[in-house]
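Tertiary structure, described
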Amino acid sequence: MVTSTLPDALFGSVQYHPSISSRRHHDPVQFFAVKSLSTANRRSSGGKRKVLFAEAWLCKPRHVVFSSMDDSAEALTDFLDDGDGNSLGSSKVVGVDDNELLATRKALSDARARNKAIEKERDQLLEKLARSEAKQKEYLSTVMHDKDLAISELEVAEALFNNKLEESLEEKFSLESKLVLAKQDAVELAVQVEKLAEIAFQQATSHILEDAQLRVSAAEASAAEASFQIEEQIRSASEGAINSVLQQSKDAIEKALAVAESVGDHTTKAMAAFVDNMGPVDEIISVQSQNIKLSNTVNDLESQLLIYRNDIDRLKLELKQARKEAKAYELRANDVEKLLLEFQESSRKAAVQQEEEIKSLLEKMRKDATEKRKAASKAFKLEIERMKASIEAAKEIARSQDEAYMRRCEALQRSLRAAEAASKMWRQRAEMAEDLLLKKSSSEERDEEAIYSVNGGRIDLLMDDDSQKWKLLTDGPRRPTPEWMARRIRSLRPRFPPRKTHVSEAMTAGYKTLDLPKPDEVWSIAQEKLKEGDVLVEHVIEKEVIEKKRKALERALQRKTVKWQRTPEETKLESGTGTGREIVFQGFNWESWRREWYLELANKAADLSRSGITAVWFPPPTESVAPQGYMPSDLYNLNSAYGSVEELRSCIEEMHNQDLLALGDVVLNHRCAHKQSPNGVWNIFGGKLAWGPEAIVCDDPNFQGRGNPSSGDIFHAAPNIDHSQEFVRQDVKEWLNWLRNDIGFDGWRLDFVRGFSGGYVKEYIEASNPAFSIGEYWDSLAYEGGNLCYNQDAHRQRIVNWINATGGSSSAFDVTTKGILHSALHNQYWRLIDPQGKPTGVMGWWPSRAVTFLENHDTGSTQGHWPFPRDKLTQGYAYILTHPGTPVIFYDHFYDFGIRDIINELIEARRRAGIHCRSALKIYHANNDGYVAQIGDTLVMKLGHLDWNPSKEVHLDGTWQKFVDKGPEYQIWLRQ
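Calculation notes
Residues numbered from 1 in each chain as written. Predicted model: local features only at pLDDT ≥ 70, side-chain atom pairs only at ≥ 80, totals over all residues. Heavy atoms only, no water. Helix = DSSP H or I, 4+ residues; strand = E, 2+ residues; numbered from the N terminus. Buried < 20%, exposed > 50% of the residue type's maximum accessible area, 1.4 Å probe, protein only. Contact = heavy atoms within 4.5 Å. Areas by Shrake-Rupley, 256 points an atom, 1.4 Å probe, with all protein chains shown as cover. Pairing = 2+ DSSP bridges. Right-handed = clockwise from strand over helix to strand, strands pointing away. Patch = residues over 30% accessible without salt bridge, like charges linked within 9 Å, V, L, I, M, F, W, Y side chains within 5 Å. Salt bridge = Lys/Arg side-chain N within 4 Å of Asp/Glu carboxyl O. Lys, Arg positive; Asp, Glu negative; His and termini not counted. Charge placed at Lys NZ, Arg CZ, Asp CG, Glu CD. Core = buried A, V, L, I, M, F, W, Y, C linked by side-chain atoms within 4.5 Å. Axes fitted to C-alpha atoms, helices over the stretch in contact; angles between N-to-C directions.

Some words on the overall build of the chain
Scanning the chain from terminus to terminus reveals 21 helices and 24 strands. Counting over 976 residues, the chain shows a buried share of 41%. Contacts spanning at least 24 positions in sequence make up 71% of the contacts within the chain whose residues lie at least 6 apart. Counting only carbon and sulfur atoms, one obtains 53% of the accessible surface of the chain, whose full area is about 53,600 Å².

Points about the pairing of strand β13 (residues 747–750)
Residues G747 and R749 line one face of β13 and the alternating positions W748 and L750 line the opposite face, and both faces are buried. One ladder, built from 4 bridges, connects strand β10 (residues 661–666) with β13; its direction is parallel. For V666, the partnering residue across the bridge sits in β13 and is L750. Across 4 bridges, β13 lies against strand β14 (residues 772–775) in parallel orientation. Looking across to β14, one finds that L750 is bridged to G775. Of the crossover connections in this fold, the one passing from β13 over helix α15 (residues 758–768) to the parallel β14 is right-handed.

Comments concerning a negative patch on the surface
A cluster of acidic residues, E166, E167, E170 and E171, forms a negative patch on the protein surface. For E170, the position within the fold is in helix α1 (residues 98–277).

Remarks on the nonpolar core
Within the largest apolar cluster, 115 residues are counted, with the highest numbers of intra-cluster contacts made by F618, Y877 and L943. Residue contributions to this core peak at 7 residues, all from helix α14 (residues 726–743). Excluding residues that lie within four positions of it along the chain, F618 makes contacts with F588, Y598, L601, L648, C651, I652, M655, A662, L663, D665 and F745. Residues V940, W948, L956 and W973 belong to the second largest nonpolar core, which totals 8 residues.

Description of the pattern of salt bridges
Tallying each qualifying case throughout the model produces 26 salt bridges. The shortest N-O distance in the salt bridge between R595 and E600 comes to 3.0 Å. Residues joined in a network through salt bridges with shared partners are D665, R749, D751 and E776.

A closer look at the sheet that holds β13
The 8 strands lie next to each other as β8-β9-β10-β13-β14-β17-β18-β19, forming a closed barrel whose pairing is parallel. Recorded for the sheet is a direction-independent mean angle of 25 degrees between the axes of neighbouring strands. The sheet contacts of helix α16 (residues 793–805) involve β14 and β17 (811–813), and relative to β17 the element is tilted by about 155 degrees.

Keep in mind these numbers describe shape, not what the thing actually does.
Structure representation (structure tokens):
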């Protein structure tokens, strides 16, 4: 409530004092004015002048009380009081001296000056309003320009998309045409290759045949020529010899005849002479000598004939040899022909094989082309989908920008309307004040003094009643303000002046000047600029990133204070079973040996610790025949395919720095030998533990062991160790203690524990005192007709029997739960509850010894012996991370499958709910539609599309808040 003082009298005007509170421009404002109608008359008595007012009020120094409240329905009241606090009744004639008149005139001039100031201020306001309107128009033009730009950009994007779509379609058609051409080229190439192969085969065979035929013909020709030459030689030699012999014989005969004739002639002559002269003796001697010569000549001829016969025999032998050589050439020709036939057969087979290879190559090319076509089609579809998604996102962005622009425009319009309304209101008030100041008083005299209150355009006539005025001053408006309205008023106007409760305070209150809202405040929306990337999607992503960072920070702070936050039950370790709150991470897969794994794993220690992991399962550390480490040889040699022993120590040290347990994968069932025995069997071990055949079980069929029979199943790939031998157990315990104390391992993962008795495991655990131990007892579940049986009690009983054999000192992998989850998560959730209302795996019988998992290096990774359904991984982790037992997270799922944030969220839910391996479990529903269970006192989870929430469960009390909501996959609630 504000007061102001009016002078004693005004000539035709009243001094006007507006009082405006510091409110928003759209709040209702009430003000009051006093209307005074007076006429002046002079009086001459007492050196004073009197003024007579007909039907006017007598004006003395008065106080005008202005009141302003937020209740718009309540008319605010003002009143006039004289200097003595008495009400004025009828019209009176009051004397006014010159000093008062001068004061009145001065007040009038002041009022006019103030009126001019108000007009000037009004002009300034109008000018500011005009500038504001100009700014609004400019901003609207900017908004419309931005909108046009956005529309043009959207059109350009749409055109670009259409162009890309056309280009992709053209590319698709070109690829298809190229593929068809490639097919045709491949077929033509295959035909050409086949023809070339045939031609090459024909050419090769023809060359070989021609060569062979040439060789055969050459051999035949040489044989025929040799035989002909031999025959010619024989014939020419024989003919020459015979002719020479005949000629010589003829000549000799002719000579002999001639000699005989001459001898006859001589004889005749001699006879005649003898007869005549009785013949001389000399002629007879000469005849005898000639006969002797003739006989010698005949002998020479006979000897030459014999020589010729010998030559003929020699030539006959040479002819036989030539015939033999010709026969040999013929045999060689036959052999060459056989070889040629064999070569033709082999060439034909090679051609057939080559043809088959070409066909297989063509088939492979066709398959590759089909796969490439499918891949190209798939990529094209994905590209189309991405482009559609980008178009939808662009449309959504444009729509959100349009909505933002429209919201800003609406806000600007509201601000303008409010500013116009305020300006109009101030203009009306200025006009009212001007009218009240300039109005002349009437000549009629009123019987009663009237007070006019201008309130939001309404003029109410108020009775001049002291009791009513005092009541208004002390109690405020006639109707009490509701408490809710008062709270709202205080929240909206925290600096609103308190209501005056006493008239003296109202009388002495100071004058409040005009306080209009500043243009900067009015046009704050118009001056606000769009932030870069002001898109709804980006805001949502930014919010998610901030939420993730906040949760990560919470987890980090929680881990920093975990030592003093944990209760003694949480920090107490039991040998082989830990604290019960472990979350194990398998820190490798089947292919990890190909990289410097210890170095990579050490770099992930801080990340694993921040995620809430408490233990890391290491790969087998020993030297191994197989690089994965599961065929160990020298147990004390820790330089493996995963890294050196120094890198292993450093990696374990980094785990300990991050408060993580290091679990070593130890293979105790079998060991590969270094040497062969004299009979050639690999059963002699080397290294520090140089065992012999006596360390191998005798019923191992492959390695001729001389130990005792095995206490479990036989592993056929390597010699099975006989743990019944005292020296073997002593060496194994020393080795485990060496790994525990010198290398730094905190616990064990025991490989293939089906191969030896659990009693030996108990002895090893008691000797090495590990913080945590897990046994791998993996055998087949029960199936019927290819479907998983509901009752798996026999399977989990075998695992529980092994745990019992260890005296409960070791946990075991819950293979039963893994196998059941494979089928249960395909809308067969009834498999998750047994007839006793408990879980159907080892978790249901001995949860503190059940180590639940979904995949490991054997079932998944690149081996894939028993992979978990890929689309059910998140549901599987939601089950094992919210239920009793000790969950195991596989490396591939955490770092390669893109569900790391989901796993972190589930780990956080497990931590907040305080779930451990012994937490109580109550199953409410398990049917085809879904699965609902309460774990501990503070967590409820649901799997499947079952329509359920905690408010629908009668037996659940308290307030529950939804922590994770993945729709039909799973939902998690935490108790408030």
